[in-house]
Amino acid sequence: MTGLTRAQFLARSAAFALGGAPAKPARLFWSASQATPSSSGVVPPRFLSRPALSPPAVSVLQPAAQTAAGFLFLAPSSGPGQRGVLILDDAGEVVWFRPTSPRTAMNFRAATLRGEPVLTWWESLPGGGLGRGEHVVADASYREIARFPAGNRRPSDLHELLLTERGTALVTSFEIRRRGSQGLIMGGVVQELEVPSARLLFEWRSLDHVGVDETFSTKVGYPWDYFHVNAIDEDADGNLLVSARNTWAVYKVARASGRVLWRLGGKRSDFALGKAARFAWQHDARSHEGGRLLSVFDNGVDRSRGLVLAVDQRRKRAHVVHEYLHDPLLHAYKLGSVQLLPNGDALVGWGTDPHFTEFAADGAVRLDATLPHGGENYRTLRFAWRGRPEDQPAAVVRGSTMYASWNGATEVASWRTEPGGATVARSGFETALPLPAGARSVHAVALDVHGRVLGRSPFRAS
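Each helix and strand in the protein was counted, giving one helix and 37 strands. Looking at the 462 residues of the protein, the share that counts as buried comes to 56%. In the protein, of all internal contacts separated by at least 6 residues, the share reaching a separation of at least 24 is 54%. Within the structure as shown, the protein displays about 18800 Å² of accessible surface, and the carbon and sulfur contribution to it stands at 51%.

Of the consecutive residues V195 and P196, the connecting peptide bond is found in the cis state with omega at 10°. Look at the link from D327 to P328: it is a cis peptide, with omega at 5°. For P328, the position within the fold is in the loop between β23 (317-324) and β24 (337-340). Phi angles above zero are rare outside glycine, and N107 is one such case at about 60°. Within the element layout of this structure, N107 appears in strand β6 (residues 105-113). Among the residues examined, N107 registers a relative accessible area of 2% and is labelled buried. If you check the backbone angles, K316 has positive phi at about 60° while not being a glycine. Relative to the assigned elements, K316 resides in the loop between β22 (305-312) and β23. Relative accessible area serves as the criterion here: at 25%, K316 is assigned to the partly exposed category.

The four strands lie next to each other as β6-β7-β8-β9, forming an open sheet whose pairing is antiparallel. The sheet is open, and its two edges are formed by β6 and β9 (144-148), each paired on a single side. Looking at each pair of strands side by side, their axes are set apart by 20° on average, direction ignored. Pairing of strand β7 (residues 116-124) with strand β8 (residues 133-139) involves seven bridges; the strand directions are antiparallel.

Its location among the elements puts E134 in strand β8. Within the structure, the side chain of E134 is placed 3.1 Å from the side chain of R147, a separation counted as a polar contact. When residues no more than four places from it in sequence are discounted, the contact partners of E134 are R103, W121, W122, E123, L125, R147, F148 and S156.

Let us now look at the nonpolar core. One finds W204, Y226, F227, V242 and Y251 to be the most contacted residues of the largest nonpolar core, which totals 21 residues. Taken together, the elements giving at least two residues each to this core come down to β12 (184-194), β13 (200-205), β15 (229-234), β16 (240-244) and β17 (249-253). Aside from chain neighbours lying at most four places away, what touches V242 is V190, W204, F227, V229, A231, A249, V250, Y251 and V253. In terms of nonpolar packing, the next biggest core, distinct from the first, is built from 19 residues, F73, V95, W96 and Y142 among them.

With respect to the helices and strands, D368 occurs in strand β27 (residues 365-370). On the accessibility criterion, D368 (10% relative accessible area) is buried. Measuring from C-alpha to C-alpha, the distance between D368 and H326 comes to 9.2 Å, with 42 residues separating the pair along the chain. At 2.7 Å, the side chain of D368 forms a polar contact with the side chain of T357.

Looking now at the sheet that holds β15. Taken together, four strands build an open sheet; the order of strands is β15-β16-β17-β18 and the sheet is antiparallel. The open sheet has two free edges, formed respectively by β15 and β18 (260-265), since each of these has just one partner strand. Within the sheet, the average angular offset between the axes of one strand and its neighbour, ignoring direction, is 20°. Direction of pairing for β17 relative to β18: antiparallel, over a ladder of five bridges. Bridge assignment links Y251 to a residue of β18, and that residue is R263.

So, on to the pattern of salt bridges. In the structure shown here, the tally under the stated rule is 36 salt bridges. Notably, a salt bridge pairs E203 with R154, separated by 2.9 Å at the nearest N-O pair. Separated by 49 residues along the polypeptide, E203 in strand β13 and R154 in the loop between β9 and β10 (161-163) bring together distant segments of the chain. Pair check on accessibility: E203 and R154 agree, each one buried. For R379, the salt bridge identified is with D284, shortest N-O distance 3.6 Å. One end of the pair, R379, is in the loop between β28 (376-377) and β29 (381-383); the other, D284, is in strand β20 (residues 283-288), with 95 residues separating them in the sequence. As far as burial versus exposure is concerned, R379 and D284 are alike and both buried. Among the ionic contacts, a cluster of salt bridges with common partners joins R98, R103, E123, E134, E144 and R147.

It is worth spelling out the packing of aromatic side chains at this point. Counted according to the given criterion, the structure contains 16 aromatic pairs. Seen in terms of ring centroids, F216 and W248 are 3.8 Å apart; in terms of plane orientation they differ by 10°. Their pairing is stacked. Note that F216 is positioned in the loop between β13 and β14 (224-225) and W248 in the loop between β16 and β17, a separation of 32 residues in sequence. When its relative accessible area of 1% is taken as the criterion, W248 is described as buried. One aromatic cluster is present, built from ring pairs that chain together F73, W96, F108, W121, Y142, F383 and W385.

Moving on: the environment of R303. As for its position among the elements, R303 is in the loop between β21 (293-298) and β22. Between the C-alpha atom of R303 and that of L330, which follows or precedes it by 27 residues, the distance is 5.6 Å.

Thresholds, definitions, all that
- Residues numbered from 1 in each chain as written.
- Predicted model: local features only at pLDDT ≥ 70, side-chain atom pairs only at ≥ 80, totals over all residues.
- Heavy atoms only, no water.
- Helix = DSSP H or I, 4+ residues; strand = E, 2+ residues; numbered from the N terminus.
- Buried < 20%, exposed > 50% of the residue type's maximum accessible area, 1.4 Å probe, protein only.
- Contact = heavy atoms within 4.5 Å.
- Areas by Shrake-Rupley, 256 points an atom, 1.4 Å probe, with all protein chains shown as cover.
- Pairing = 2+ DSSP bridges.
- Axes fitted to C-alpha atoms, helices over the stretch in contact; angles between N-to-C directions.
- Polar contact = N/O pair within 3.5 Å; in protein donor to acceptor, adjacent residues only side chain to side chain.
- Core = buried A, V, L, I, M, F, W, Y, C linked by side-chain atoms within 4.5 Å.
- Salt bridge = Lys/Arg side-chain N within 4 Å of Asp/Glu carboxyl O.
- Phe/Tyr/Trp six-rings, centres within 6.5 Å; stacked < 30°, edge-to-face > 60°.

Geometric values such as these leave the question of function open.
Pasting the structure below:
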């Protein structure tokens, strides 16, 4: 939005509500690693040892260099490959994949629940539909330990599931009210729930606190989605930050009373916004450094960017600290994320455009990659993660080669066939191992970086 007056900015935005008018065509890439049919017309499995797994293949456009520690977390919701929750390494190789097809999974991340590492995501119910889903929690062995809906029998919205240090969950939902001549209006709902019971502890409803006159949404669709809550975060003082896509604003909400303490952005901003600080149709607003910084994915009117604002809550001023743009420019008309990482990098997921990019603080690209053509992903995030699957490694023999994998095992550094085999460095999700001469029955042995045995596959005839 640099260079536009506020009036021009608003004028160019009239049609982009509720996911909006058609987006400008994004720059997309076909992935060379997608499977192609054989001469018989049969598509071979991507992984011989795990033929039921078919996640989308990621193409790395700029190889990783000095990226932050940890793995990449995605839940692709469209395009080739199965729907599901996906952990990748920096080479784009699968670390763990749990297919959910035909259900859709979104908003996948690592978190902590009562001191233990967990994974969380939202998963649609059979048949899908707006608000028809459940929140899922799995432990470090990938066992599902909780599955719950929104509280108070409200629809379970996909946009947020954030575990708190108190062991509760902040989630989004919505409600529909009739308002005279305005007809049916959809309002955003923020809830805090007990886990795993989903007992309601707190609820905030936008229609009680934010007028419909704040929206930039034209009455596209029915009911009218004037607010569209898409992120919740806790500020340093314990109050909540609520991002509303269709009002172009982030609201600070008093946890005790529900009162709106301030608005940043939108038609009624309490903050004076510096040059280029205004955003539109945004996602993933997060507080940092005691509330002094705010990161947000600015979907924008004609281009998208990762944005970091310095926020002076006392003087009510905000200005741009960092702006992250893709080269070439991209426009995601919905979805998207920005994550500030411990090493100072920023990881940007480009939503309806299949790219995801990690930037250094100075804007240098550390990693750029893309899902296949047509791929979309709500948020792309990075977390440290140690997975310890309960199941055994998988292995299959084809000719003189054994193919071995262990879905979700993060500490495997090499593989060995036993009896009598050589040690081979792990090579992506699935590693090819030469069979020892004369062996009739072998199994694959997973080894850590020190050569210690982590697990063994069942014996396979050679």
